[in-house]
Amino acid sequence: QVQLVESGGGLVQPGGSLRLSCAASGLTFSSYAMSWYRQAPGKERELVADISSRGSSTNYADSVKGRFSISRDNAKNTVYLQMNSLKPEDTAVYYCRAVNLYGSAFWGQGTQVTVSS
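Residues numbered from 1 in each chain as written. Predicted model: local features only at pLDDT ≥ 70, side-chain atom pairs only at ≥ 80, totals over all residues. Heavy atoms only, no water.

1. Remarks on the packing of aromatic side chains
Both the distance between ring centres and the angle between the ring planes are used here to describe each pair of aromatic rings. Taken as a whole and assessed by the stated rule, the structure comprises three aromatic pairs. In this structure an aromatic cluster arises from ring pairing among Y37, Y95 and W107. Over the ring of Y95 we find R45, and its NZ or CZ is 3.7 Å from the ring centre. Positioned above the aromatic ring of F29, the side-chain terminus of R72 is 4.4 Å from the ring centre. (Phe/Tyr/Trp six-rings, centres within 6.5 Å; stacked < 30°, edge-to-face > 60°. Lys NZ or Arg CZ within 6 Å of the ring centre and 35° of its normal.)

2. A few points about the pairing of strand 9 (residues 92–99)
Here strand 9 lies mainly inside the structure; six of its eight residues are buried. In this sheet, strand 9 lies alongside strand 4 (residues 33–39) in antiparallel orientation, the contact comprising seven bridges. In the strand pairing of strand 9, W36 is matched with C96. Pairing of strand 9 with strand 11 (residues 111–115), which is carried by three bridges, proceeds in the antiparallel orientation. The residue of strand 11 that forms the bridge with A92 is V113. For strand 9 and strand 10 (residues 105–107), the ladder comprises three bridges, and the chain directions are antiparallel. If you follow V99 over to strand 10, its bridge partner there is A105. (Buried < 20%, exposed > 50% of the residue type's maximum accessible area, 1.4 Å probe, protein only. Helix = DSSP H or I, 4+ residues; strand = E, 2+ residues; numbered from the N terminus. Pairing = 2+ DSSP bridges.)

Everything listed here is a matter of geometry and, on its own, says nothing about what the molecule does.
Quick look at the structure:
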């Protein structure tokens, strides 16, 4: 069965950094594009960043450009989100998603990121 497990969330002060990880199993990881989404309280879920199956192409929401970086290690079946210069408005539950060429999507359970002083 396909499973995506996020980790690395927590409480951090404004200006700090966190690195999120998403470990995938039950799929051919190198055949899937991967994405990070986030959902803040009372807000709709939004795309933060995505990366192509081989890591050759990335895309970021305007709100995180220059601060966040998505990467993947296909040998470890893991995608990462490096978050720097964190702001209170980055507070949200962050979700990992895998998508194949046919549009099938698999979601992780999410990890909480709280940015507060």
